[in-house]
Protein chains: 4
Amino acid sequence: MSMNSFGHLFRVTTWGESHGPALGATVDGCPPGVAIDEAMIQTWMDKRKPGQNKYTTQRREADEVRILSGTFEGVTTGTPVQLMIENTDQRSKDYGDIKDKFRPGHADITYYQKYGIRDYRGGGRSSARETAARVAAGGLARAALAALVPGVAIKGYMTQMGPHQINRDRFDWNQIDQNPFWVPDAAAAQEWAQYLDGLRKSGSSVGAIIEVVARGVPAGLGAPVYGKLDTDLAAGMMSINAVKGVEIGEGMSAAMLTGELNADEISMGPEGPVYSSNHAGGILGGISTGQDIVVRFAVKPTSSILTTRRTITRSGEDTEIITKGRHDPCVGIRAVPVGEAMMACVLLDHLLLHRGQVGENKGQIG
Amino acid sequence: MSMNSFGHLFRVTTWGESHGPALGATVDGCPPGVAIDEAMIQTWMDKRKPGQNKYTTQRREADEVRILSGTFEGVTTGTPVQLMIENTDQRSKDYGDIKDKFRPGHADITYYQKYGIRDYRGGGRSSARETAARVAAGGLARAALAALVPGVAIKGYMTQMGPHQINRDRFDWNQIDQNPFWVPDAAAAQEWAQYLDGLRKSGSSVGAIIEVVARGVPAGLGAPVYGKLDTDLAAGMMSINAVKGVEIGEGMSAAMLTGELNADEISMGPEGPVYSSNHAGGILGGISTGQDIVVRFAVKPTSSILTTRRTITRSGEDTEIITKGRHDPCVGIRAVPVGEAMMACVLLDHLLLHRGQVGENKGQIG
Amino acid sequence: MSMNSFGHLFRVTTWGESHGPALGATVDGCPPGVAIDEAMIQTWMDKRKPGQNKYTTQRREADEVRILSGTFEGVTTGTPVQLMIENTDQRSKDYGDIKDKFRPGHADITYYQKYGIRDYRGGGRSSARETAARVAAGGLARAALAALVPGVAIKGYMTQMGPHQINRDRFDWNQIDQNPFWVPDAAAAQEWAQYLDGLRKSGSSVGAIIEVVARGVPAGLGAPVYGKLDTDLAAGMMSINAVKGVEIGEGMSAAMLTGELNADEISMGPEGPVYSSNHAGGILGGISTGQDIVVRFAVKPTSSILTTRRTITRSGEDTEIITKGRHDPCVGIRAVPVGEAMMACVLLDHLLLHRGQVGENKGQIG
Amino acid sequence: MSMNSFGHLFRVTTWGESHGPALGATVDGCPPGVAIDEAMIQTWMDKRKPGQNKYTTQRREADEVRILSGTFEGVTTGTPVQLMIENTDQRSKDYGDIKDKFRPGHADITYYQKYGIRDYRGGGRSSARETAARVAAGGLARAALAALVPGVAIKGYMTQMGPHQINRDRFDWNQIDQNPFWVPDAAAAQEWAQYLDGLRKSGSSVGAIIEVVARGVPAGLGAPVYGKLDTDLAAGMMSINAVKGVEIGEGMSAAMLTGELNADEISMGPEGPVYSSNHAGGILGGISTGQDIVVRFAVKPTSSILTTRRTITRSGEDTEIITKGRHDPCVGIRAVPVGEAMMACVLLDHLLLHRGQVGENKGQIG
């Protein structure tokens, strides 16, 4: 019942603080025999790594993952995999001036009230740096998924940044990796660059929406009530720093539909059931349909901005604060690989659960 | 690691199907010494009970809760509380004609694919009837919360039905219990009644958005990463039948804000920190601030409608279906007390967790 | 993290008190498609049922199990199975005279200190009556095990009662069901009957040792460290009322062996590895070897006896107590089917875990 | 539901293999504000460290613990504490000759059958080296316990080695730390030294019994059924490598007692209930009484011996094996600090659980 763990059979426990010597993920329950090495995981780490362009924090971290346990001769052994990332650019001096002040919108005040600790060095455990460990664990989950269900593909991208939404008519999978925003729309990428430049220069920040899609997921993952696949996806995404909303398929807009519009009609295709649409986001009654799994989540704007905000000190005095440091004008950008990692972890976990509890799908259609 | 359980220290396991002899909640971890009886829980059951007005299913269920264990001389004993509700109006004949067809938008097809079972009698385990057990458990959670943190108040209401939203300027807490929609806006109640009458008569259905607010929750509940209060709220709400999206505070709209707008500024009030706004929904870094906890969730339209939809049979033949039965034109209405119940369970659970892991808040301000 | 649950994927939560209206087991994670009905479970219930002969408590309970959920058309559906047993012979008047006294050797005093509750009606939740729910759950586990691994056989028996041990040279599997002590030794059965008659008439009681053997368990169940098969067996047996010790294979006597004696030598047989002996009790490094799984546990003497014992009252006064009531002179007798039930639950659970985490055994020998 | 975790609220996940780069414990749920540093933990590590005298393996490991997370300015922060121990003397060449053979009595064969992995380098994850991580976690648990319940003392010692038992009449707490066997009996220490010297020289090994006592534990820890304090102690001890039996209080000998002898009579002392004896081992009905908690466990002889044993190879051929390596003639010696560590972890965990679920003891006597 660890508060720092996620998953049931594929269970990830992350540890570490923004400015401690290291952070990492203790991953228990990875199936044995999965080919993995540090370079494979590094690929995903590099997507999230800070300091890669002017739109992300200038903190310089190599984010090199070391596998300290759980593999032998290049494959997983069925025992816990320890993925450690050393912190190399902590520069905690940046944070000295906020030592006794609580940054509005940050966890500083609640963390202090609860634990009596003010780890002013970059947010401590509440820093988004924790998500590096998620991406490492997600890399392992992807490798295991690929071994167990060849053909599964997971892809995340931004669909909104501040007031700017993508144009779904211009949606292009190939664009996603071509721009710093992971946006599947070349025109949007240009527009957003300009917009974000302005925000960055003014020391401001903005929120975003990320969509993560998983293709090739077999029908039958998930369970009817509290073990719903969407329940775990919602929990996974909401546990990411700064996330304030999670949607499956139609999401909040489902409120506006009538039953006629919302029902994804079913017909029989050559390889099984085919659906006329995917309002459900690939999940019915908590169980995957075989369609694309579609999850969206909203990330609030970075709370660290260069505009003065009113706050209080530990001793309860009213004061003001400007958060200088090195920050992302749109933290949503780096949330894209994190969302992908959570998707990978949830899917692998439910695949193992399904295999344990049911074996293989029991009901054949046709 | 039960797939039918929810919560950590206050742990609710629900059981039972729509058309079995009974359903219920096995509640483990309720603190001892909480005064509870069947009548207290019945109050909440009656809010969710079907057949109360023309806008909810005409299935007639008394929904009487029996406490089979865990209390002695009117108080909880610290042992599991078994809350059982007998099904009395199963009328399974209603469902005979859909025995071999999968209803679009329902769990029928995925449940069958996974388990090889087609419990055609009203959805079986996937029926929204399961939420009766949640409301019973929520009634117990409310009683325990009230004993441990006097003054906590939890209230849910609808803010949107189809295209109709409430007018926040007319928000009136006292209106909520005065209309069949739990809507805090008298004018909206009238308008919605007319709208839903039309839908009901045409055999259609519509989605809705429910907001649940908890007032008087102390600062310090929740934990930084996977044990976030919002993570468990998101999981809890997403686990309710037909829910497709969950928001905390600003929710999906956080994507549109800048950092300046989003930061709830802090000043020192006579009894502790005071916030200039509540974009955060009462939770910062996963931990409660002491402000109102604000959660919203979207419920999709009831999938059972009187319009013909295309679907397939178990043997894989294309066919059509009309779902007659007894259904809610807006299942969101009855989701209001369910959302309240989940809020109560999550808050009590985190209160116990906080007490166990920390004791009491360690950091005093001022 | 329920304190009243047992198991990981096959998860049993028991509920109910000795003198409440009912008790039962909420069983989550039973695989779908297992043929089960109340009569099948009743077979096992009847082994444990009180009042069957003069050596067990004269409380008359039919111990009839009702399946309230989780099955449809005679098979499990993959959803929680609720197994309820109504209490019919509570006669709580028996207990009135001990209302304010703590019975030595019972949980009365510690339960009161912890929870502030003195459920004097036969021990409340701490009564051995709880084990009826275990036996019901065990009946379901046996059915699922039989479906998944045909040929598994689980058998428990007594090996010691007070100073009397069985003679292993006379061990006869067929004797076990022929006497009230489940002892595999006809001569011992006669001797023990005489011995226990004496104890019973004098209002005394005595302890016992039970051995449970599982035959036909495949190699590979369990995991190296905290997920050891023996860890869960130890926990399962120790959680039974009145159990004070648990042994696997050689057990405590392993302390007296040298490495030469203890090593079960391995050779290759026609169907796989064959061992020269089974000091290990069928488990090496926490994982089953394919040999018989052998577990033993000691049950202390019933604490309710007719001899006056010194104790104190709730208000802290020294006093004396005689526990009349209806009790077992050797509660170990009825612990035999309970031990079998725990074995069945643990094995099924680890079978599902193995299937989920590994799939099937990866390493073939030869 | 991690298979490599232990505990509920104080949750320890160990990771690492005998011959990997490092091993450690990820400890979640340690209360905030506990003063801890590496030196404090090192004290306990040094008790278990190999190579300290001729009776333990000659592998040279500094066993230096590094705290990588979870503390700030010398106190715990309430976030996961990562305790890492680097392996420095792996010398895996020692093991080359057993690469394809399964050592009898070891986990080699079952681990291979399950996972398809033969980590021949000293047992891999199944090596007793894992217990170093337990001792580190136990050091943290001791510090937290001391902060929360001043006066708790935990002490382990050997009571039997092969055929040699201690003489309880000579029991002397002060002797325990004066000899390499942690035996509370000076005469036994001499006798055992001579005995073990003989075994060591002949390349043999022997089993042992360890007793761990916790003094000063308040009444009220534990819960009635599956959450029994003794259940978790049994699981904890049985999860230690080579353990084959666990006893609480009277243990297996409880089978020989009558109810009159077994009942620890109660009277009222100046500070609360006083017991005439402690057959119960400090636990009644799963809940602590306030008396000494007494646990014993048996450790089998080291399976690595210099006598030839018959075994098979991975390809299924009969062969023989002598395990040279560097091993302990009586691995029970180094199990003493491990047993203490498990006791500390279980007690802290149940203290936190009790605080969370009940708050403080509800029932006052007198």
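Residues numbered from 1 in each chain as written. Chains lettered and ligands numbered in written order. Predicted model: local features only at pLDDT ≥ 70, side-chain atom pairs only at ≥ 80, totals over all residues. Heavy atoms only, no water.

This is how the line gets drawn: UniProt positions are given in the numbering used here, feature names are shortened, and annotations may be inferred rather than shown by experiment.
You'll find chain A entered in an unreviewed UniProt entry as Chorismate synthase, with Roseobacter fucihabitans given as the organism. Checking UniProt for chain A, the heading Sequence similarities (unreviewed entry) contains the comment "Belongs to the chorismate synthase family."

### Some remarks on the UniProt feature "binding site: NADP(+)" (unreviewed entry) in chain A
Residues and elements named next belong to chain A. The following threshold applies: A run of H or I in DSSP becomes a helix once it reaches four residues, and a run of E becomes a strand once it reaches two; helices and strands are each numbered from the N terminus. It only takes one pair of heavy atoms within 4.5 Å for two residues to be counted as in contact.
UniProt's entry tags Arg48 and Lys54 with the feature "binding site: NADP(+)" (unreviewed entry), counted in the numbering of this structure. For Arg48, the location among the structural elements is in helix α1 (residues 38–48). Contacts of Arg48, omitting those with residues within four sequence positions, involve Asp63, Ala128, Arg129, Thr131, Ala132, Val135, Arg334, Pro337 and Val338. Apart from residues no more than four positions distant in its own chain, Lys54 is found in contact with Asp197 and Arg200.

### Points about the relation of the copies chain C and chain A
Test applied: For the least-squares superposition of copies, only C-alpha atoms count, and only for residues with pLDDT at least 70 in both.
Once chain C is rotated about the relating axis by 180° and shifted along it by 0.0 Å, it coincides with chain A to within an RMSD of 0.0 Å. Read as a symmetry element, the transformation amounts to a two-fold axis. Among all residues of chain C, the one whose C-alpha sits closest to the rotation axis is Gly356 of chain C, at a distance of 1.8 Å. Both copies share a contact surface, since 100% of the interface residues of chain C are interface residues in chain A too.

### Concerning the pairing of strand β17 (residues 309–312) of chain B
Residue and element names in this part refer to chain B. For the record, the criterion: Any two strands are treated as partners once DSSP identifies two or more bridges connecting them.
Where β17 and strand β18 (residues 318–321) come together, four bridges link them in antiparallel fashion. Bridge assignment links Arg309 to a residue of β18, and that residue is Ile321. The turn linking β17 back onto β18 is made up of five residues, and Gly316 within it adopts a positive phi angle of 85°.

### Remarks on the confidence of the model for chain A
For clarity, the cut-off: The pLDDT score gives, residue by residue, the confidence of the prediction method on a 0 to 100 scale.
Counting all residues, the mean pLDDT for chain A is 93, and 96% of those residues have values of 70 or more. Interface confidence for the predicted complex, expressed as ipTM, amounts to 0.96; the pTM equals 0.97.

### Some remarks on the sheet that holds strand β2 (residues 11–16) of chain D
All names here are of chain D. Taken together, five strands build an open sheet; the order of strands is β1-β2-β3-β7-β4 and the sheet is antiparallel. With partners counted over all chains shown, the strands left at the sheet margins are β1 (5–6) and β4 (65–67), one partner each. Note: β4 against strand β7 (residues 81–86), three bridges, orientation antiparallel. When the sheet's bridge partners are listed, Val65 is paired in β7 with Ile85.

### Considerations on the relation of the copies chain C and chain D
Overlay of chain C on chain D (RMSD 0.0 Å): rotation 180°, translation along the axis 0.0 Å. A shared interface surface links the copies, since 98% of the contact residues of chain C are contact residues in chain D too.

### Overview of the pattern of salt bridges
Selection criterion: Salt-bridge detection follows one rule: a side-chain nitrogen of Lys or Arg within 4 Å of a carboxyl oxygen of Asp or Glu.
Within this structure, the stated rule accounts for 72 salt bridges over all chains. Linked by salt bridges that have partners in common, Arg168, Glu211, Glu247 and Arg296 of chain A make up one network.

### Details of the side chain of His279 of chain D
What counts is decided by this rule: Relative accessibility decides the category of a residue: with a 1.4 Å probe and only protein chains considered, values under 20% of the type maximum give buried, values over 50% give exposed, and everything between is partly exposed. The definition of a polar contact used here is a pair of N or O atoms within 3.5 Å, where within protein one atom must be able to donate a hydrogen and the other to accept one, and adjacent residues in sequence count solely through side-chain atom pairs.
Checked against the element boundaries, His279 of chain D lands in the loop between β13 (272–275) and β14 (283–284). Taking relative accessible area as the criterion, His279 of chain D reaches 19% and is therefore assigned buried. A distance of 3.0 Å separates a polar atom in the side chain of His279 of chain D from the backbone oxygen of Leu261 of chain D. If we skip the residues at most four places from it in the chain, His279 of chain D touches Lys244 of chain C together with Ile248, Gly249, Glu250, Leu257, Leu261, Asn262 and Asp264 of chain D.

### Description of helix α3 (residues 131–148) of chain B
Quick reminder of the rule: Each residue after the first adds 1.5 Å to the expected span of a helix.
Between the first and last C-alpha of α3 of chain B there are 25 Å, a value that for 18 residues agrees with the 26 Å anticipated at 1.5 Å per step. The element α3 of chain B is extensively covered by neighbouring structure, given that 15 of its 18 residues are classed as buried.

### Focus: the interface of chain C and chain A
How big an interface is tends to be stated in terms of accessible area lost as the parts join. What counts here: A quick way to say it: buried area is the sum, across both parts, of accessible area lost when two parts are put together, with a 1.4 Å probe. As a working rule, the residues Ala, Val, Leu, Ile, Met, Phe, Trp, Tyr, Cys and Pro are called nonpolar, Asp, Glu, Lys and Arg charged, and the rest polar, with Gly in that last group.
The interface of chain C with chain A comprises 13 residues on the first partner and 13 residues on the second. Carbon and sulfur atoms make up 64% of the surface buried where chain C meets chain A, a total of about 1100 Å² over both sides. Considering only the side of chain C, the residues that lose the most area to chain A are Leu9, Arg355 and Gln357 of chain C, jointly responsible for 42% of the buried surface there. Taken together, the links from chain C to chain A amount to zero salt bridges. Applying the counting criterion to the chain C and chain A interface returns three residue pairs in polar contact (both at pLDDT 80 or more). Considered class by class, the residues forming the side of chain C that touches chain A number seven nonpolar, four polar and two charged.

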